[in-house]
Amino acid sequence: MPDIASQQEPPGDDALMQAWVAGDVAAFETLYRRHRDKLYRFLVRQLRNGALAEEVFQDIWQRVIAARADWKPDAMFTTWLYRIAHNRLADHWRAAQHRPPPPEDADLRTARIVDPDSPERQRSEFEQRRQLQLALEGLPDEQREVVLLRLEQELTLEEIGEITGVGRETVKSRLRYAMDKLRTLLNP
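About the cut-offs
- Residues numbered from 1 in each chain as written.
- Predicted model: local features only at pLDDT ≥ 70, side-chain atom pairs only at ≥ 80, totals over all residues.
- Heavy atoms only, no water.
- Helix = DSSP H or I, 4+ residues; strand = E, 2+ residues; numbered from the N terminus.
- Buried < 20%, exposed > 50% of the residue type's maximum accessible area, 1.4 Å probe, protein only.
- Areas by Shrake-Rupley, 256 points an atom, 1.4 Å probe, with all protein chains shown as cover.
- Bend = angle between axes of the 7 residues up to and from the residue.
- Polar contact = N/O pair within 3.5 Å; in protein donor to acceptor, adjacent residues only side chain to side chain.
- Phe/Tyr/Trp six-rings, centres within 6.5 Å; stacked < 30°, edge-to-face > 60°.

### Concerning the overall build of the protein chain
When its secondary structure is counted, the protein chain shows 10 helices and 0 strands. When the elements of the protein chain are put in sequence order from the N terminus, they spell out α-α-α-α-α-α-α-α-α-α. Burial analysis of the protein chain (188 residues in total) assigns 36% to the buried set. With the model as given, the accessible surface of the protein chain reaches about 11400 Å², and the carbon-plus-sulfur share is 52%.

Below is the structure:
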């Protein structure tokens with residue numbers, strides 16, 4: 001006879017967050033494991049510097065921990081998490097006064113990031129990802145952020161708008177312009 005507990009769906013992010021707010025440390029550990037890799041990849045692509053991405057990554061999770069008592073299930077956990085990331089990135093760029101050029105070895109650093117979604121990568125897949133990464137780096141900041149949040153994090157236009165602080169139509173427009181530019185760059 002199968003175990004009923006093993007047939008249950010894993011708890012959602014909001015349920016885990018509520019459990020953590022109530023003091024369940026294991027719930028936080030599950031949330032962290034569930035979102036750490038995608039969040040880190042998002043930051044590396046935005047900052048183009050692994051060490052800086054690691055620093056911002058740690059700061060975001062510290063802010064999540066600090067905001068634990070004030071968290072309300074008004075938005076999905078992923079929306080809340082990426083809103084914190086968006087704000088932290090904005091703080092970083094504001095402090096830097098400009099977006100510095102990527103380091104000379106940025107492509108090598110990015111290529112070394114392990115992609116757990118495809119462990120048996122083939123050479124052609126690697127080249128396609130490299131071309132896509134270069135094309136993404138060629139996009140304006142706002143367009144790149146929208147593309148990454150939509151395609152990698154699979155967020156809705158409304159969620160992206162909430163994270164970036166712009167309306168749904170602006171998100172839609174940025175996404176359309178970005179996709180047009182990517183098509184042009186990837187299919188010369």
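After presenting the structure, the write-up continues.
### Observations concerning helix α3 (residues 25-47)
At His-35, α3 is deflected by roughly 45°, the largest bend along its length. Of the residues making up α3, those classed as buried are Ala-27, Phe-28, Leu-31, His-35, Leu-39, Arg-41, Phe-42, Leu-43, Val-44, Arg-45, Gln-46 and Leu-47. The residue sitting at the N-terminus of α3 and contributing the capping side-chain oxygen is Asp-24; that oxygen lies 3.1 Å from the backbone nitrogen of Ala-26.

### Brief notes about the packing of aromatic side chains
For the structure shown, the criterion picks out 9 aromatic pairs. Residues Tyr-32 and Trp-61 carry aromatic rings whose centres are separated by 5.0 Å and whose planes lie at 70° to one another, so their mutual orientation is edge-to-face. Of the two residues, Tyr-32 sits in helix α3 while Trp-61 sits in helix α4 (residues 50-66), which places them 29 residues apart along the sequence. Ring geometry for Phe-77 against Trp-80: centres 5.9 Å apart, planes inclined by 50°, an arrangement best described as tilted. Within this pair, Phe-77 and its partner Trp-80 are both found in helix α5 (residues 77-96), separated by 3 residues, close to a single helical turn. With relative accessibility at 1%, the residue Phe-77 sits in the buried group.

### What to know about unusual backbone geometry
Even without being a glycine, Arg-48 presents a positive backbone phi close to 60°. A positive phi angle is found at Glu-154, which is not glycine, with a value near 55°. Note on placement: Glu-154 falls in the loop between α8 (141-152) and α9 (157-164). Among the residues examined, Glu-154 registers a relative accessible area of 61% and is labelled exposed.

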